Amino acid sequence: MASFCSSFMINLAFLFLMLGNGNATLYTNFYSSSCPKLLHTVKYTVESAISKETRMGASLLRLFFHDCFVNGCDGSILLDDTSNFTGEKNAGPNKNSARGFEVIDKIKSAVEQVCPGVVSCADILAIAARDSVVILGGPAWDVKLGRRDARTASQSAANNGIPRPTSNLNQLISRFNALGLSTKDLVALSGGHTIGQARCTTFRDHIYNDTNIDSSFARLRQSRCPRTSGSGDNNLAPLDLATPTYFDNHYFNNLIHKKGLIHSDQQLYNGGSTDSLVRTYTISPATFFADFAAAMIKMGDITPLTGSRGEIRKNCRRPN
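All figures in this text were calculated on a predicted structure; none of them were measured in a lab. Throughout this description, residue numbers start from 1 for each chain and increase along the sequence as written. Where local features are concerned, this predicted model is filtered to residues with pLDDT of at least 70; where side-chain atom pairs are given and counted, the filter is 80 or more; whole-chain, interface and lining totals use all residues. Only hydrogens and water are set aside; all other atoms, that is, all heavy atoms of the structure, feed into the side-chain values.

(A) How the structure looks around the overall build of the protein chain. Numbered from the N terminus, helices here are DSSP runs of H or I no shorter than four residues, and strands are runs of E no shorter than two. Across its full length, the protein chain holds 14 helices and two strands. Throughout, radius of gyration means the C-alpha value; the globule benchmark is 2.2 Å times the number of residues raised to the power 0.38. Taken over C-alpha atoms, the radius of gyration comes to 20 Å for the protein chain, in line with the 20 Å a tight globule of 320 residues would show. Dimensions along the principal axes, computed over C-alpha positions, put the protein chain at roughly 75 × 45 × 35 Å. Across the 320 residues in the protein chain, those meeting the buried criterion constitute 49%. Sequence-distant contacts, at least 24 apart, represent 74% of the contacts inside the protein chain between residues at least 6 apart. Of the side-chain charges in the protein chain, 33 are positive and 26 negative, and the distance between the mean point of each set is 2 Å. Burial classes: relative accessible area under 20% of the type maximum marks a residue as buried, over 50% as exposed, and values in between as partly exposed (1.4 Å probe, protein chains only). Residues are treated as being in contact if the distance between any of their heavy atoms lies within 4.5 Å. We score Asp and Glu as negative and Lys and Arg as positive, and we do not count His or the chain ends. Positions of charges follow a simple convention, taking NZ of Lys, CZ of Arg, CG of Asp or CD of Glu.

See the structure below:
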């Protein structure tokens, strides 16, 4: 009887957390009863998308990053513009750049088939980011869940909240610190650029005007990225020169050899406080993997909507 009462009180306390004042903690087993097929369903759809286009793994990871850095991990980046608000998709860091929305739509549709009205788009995005990293050879981690979806989005917040490719080291550290992320988290999460590609417009200044860049690497990238703005803006180059479709630590090797594609990336190895950590990740991929996984969990905790706040969207592109 005592055991039953104890168990009852624990469950009651958990229920209060989930339905109470909206400050509930996220849990890795949040959907274990309400949607037991969730993780399998998401993984299957992500695997299918990456098998068709390897770059999609990097795009889904980037979507999660850009979501969390704007008013927390609330799925706001997924919202289309409405008559009531201008969303984040057309903000400077996302316009003609953020992608993978159709994949999230497919995942949401598949999840709705197995457990309708239960799983948030914000949680789907968090799981898809993890699965993308694992599928491309990176570390695994248990994703904390229980987020709810924002009913609105903010283009101005996206313009101001997402770190710019022209940022210097102090600006990067300051922005990450403001969100509760450490300098180590900054360097580890930047390692996500070991996969994916960037548009000419994001690295043009670096390859033509910066001095902390290998000259032969600069010339290589200049061949597909003309100096004149507006010419070749959308031409792509891999963020990781060595293994652009595999999640590993070669990104940091690139930095040491001054072959970081983006100015803000190369700032991590430019005679500053983060140089030693870059060297550590170059020597020890296991350390990078562990720190990256820990930083992803930490980033996923940035001001989520929980409890009675937000909603569970039926369609990730619009509020209910």
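(B) Layout of the state of the cysteines. Only a pair of cysteine sulfur atoms within 2.5 Å qualifies as a disulfide here. Overall, the coordinates contain four disulfides when judged by the stated rule. One disulfide bridge connects C68 with C73, the sulfur atoms lying 2.0 Å from each other. Disulfide C68 to C73: torsion about the S-S bond roughly 120°, handedness right-handed. Looking at C73, the relative accessible area reads 0%, which means it is buried. Counting its disulfide-bonded cysteines in sequence order, the protein chain shows a connectivity of 1-4, 2-3, 5-8, 6-7.

(C) View of the pattern of salt bridges. The term salt bridge refers to a pairing of a side-chain nitrogen on Lys or Arg with a carboxyl oxygen on Asp or Glu at a separation within 4 Å. Applying the stated criterion across every chain, the model contains eleven salt bridges. Residue E53 pairs with R99 through a salt bridge whose shortest N-O separation is 2.8 Å. Here E53 is found in the loop between helix 2 (38–52) and helix 3 (55–68), whereas its partner R99 is found in the loop between helix 3 and helix 4 (101–114), with 46 residues between them in sequence. R99 sits in the partly exposed class, given a relative accessible area of 23%. The residue R130 makes a salt bridge to D131 at a minimum N-O spacing of 2.8 Å. Exposure class is identical for R130 and D131. Each is buried.

(D) A look at the packing of helix 13 (residues 275–283) against helix 14 (residues 285–299). Axis geometry follows a simple rule: fit a line to the C-alpha atoms, using only the stretch in contact for helices, then measure angles between N-to-C directions, giving values from 0 to 180 degrees. The interhelical angle for the contact between helix 13 and helix 14, taken along N-to-C directions, is 115°, at an axis separation of 5 Å. Accordingly, the angle class assigned to the pair helix 13 and helix 14 is roughly perpendicular. Of helix 14, the residues touching helix 13 (which contributes T280, Y281 and I283) are P285, T287, F288 and D291. Taken together, the residues of the contact of helix 13 with helix 14 break down into four nonpolar, two polar and one charged. Orientation categories follow fixed angle ranges, with anything under 35 degrees roughly parallel, anything over 145 roughly antiparallel, 65 to 115 roughly perpendicular, and all other angles oblique. Basically, the charged four are Asp, Glu, Lys and Arg, the nonpolar ten are Ala, Val, Leu, Ile, Met, Phe, Trp, Tyr, Cys and Pro, and anything else, Gly included, counts as polar.

(E) Structural detail: the side chain of D149. Position of D149 relative to the elements: it lies in the loop between helix 5 (121–135) and helix 6 (155–161). Look at D149: it is buried, it has no salt bridge, and the nearest opposite charge is R313 at 4.5 Å. Here the side chain of D149 touches C121 through a polar contact of 3.0 Å, landing on its backbone nitrogen. Those residues in contact with D149 that lie beyond four places of it in its chain are D74, S120, C121, A122, L305, G310, E311, I312 and R313. A 3.5 Å cut-off defines polar contacts: any pair of N or O atoms within that distance qualifies, except that in protein one atom must be a possible hydrogen donor and the other a possible acceptor, and neighbouring residues in sequence count only when both atoms are side-chain atoms.

(F) Focus on the nonpolar core. Core analysis: the largest hydrophobic core is formed by 66 residues, its most contacted members being I104 and M299. Segmentation into domains, and thus their bounds, comes from an automatic or database assignment. For this core, the two domains that each supply at least three residues are domain 1 (37–162) and domain 2 (169–299). If you look at the next biggest cluster of nonpolar residues, it comprises 13 residues, including C200, F217, L261 and I262. Only buried Ala, Val, Leu, Ile, Met, Phe, Trp, Tyr and Cys residues count toward a nonpolar core, and they belong to the same one when joined by side-chain atoms within 4.5 Å.

(G) Molecular detail of the domain arrangement of the protein chain. As assigned here, the protein chain comprises domain 1 (37–162) and domain 2 (169–299). Relative to domain 2, the C-alpha centre of domain 1 lies at a distance of 22 Å. By definition, the buried area sums, over both parts, the 1.4 Å-probe accessible area that each loses when the two are put together. Across the domain 1 to domain 2 interface the summed buried area is about 1900 Å²; carbon plus sulfur atoms make up 74%. The interface formed by domain 1 and domain 2 holds zero salt bridges in total. Where domain 1 meets domain 2, there are four residue pairs in polar contact (both at pLDDT 80 or more). For the side of domain 1 that touches domain 2, a count of residues per class yields 13 nonpolar, seven polar and four charged.

(H) Broad picture of helix 8 (residues 183–190). Within helix 8, six of the eight residues are buried, which leaves the element mostly enclosed by the surrounding structure. Residues D185, L186, V187, A188, L189 and S190 constitute the buried set of helix 8. Residues of helix 8 that are buried make contact with helix 7 (169–178), helix 11 (250–256), helix 13 and helix 14. For helix 8, the N-terminal cap is S182; the gap from its side-chain oxygen to the backbone nitrogen of K184 is 3.4 Å.

(I) Inspection of unusual backbone geometry at higher detail. Positive phi is not limited to glycine here, since N71 has a value of about 60°. Within the chain, T303 stands out as a residue other than glycine whose phi angle is a positive 30°. Take T303: it is sitting in the segment after helix 14. Under the relative-accessibility criterion, T303 is labelled exposed at 52%.

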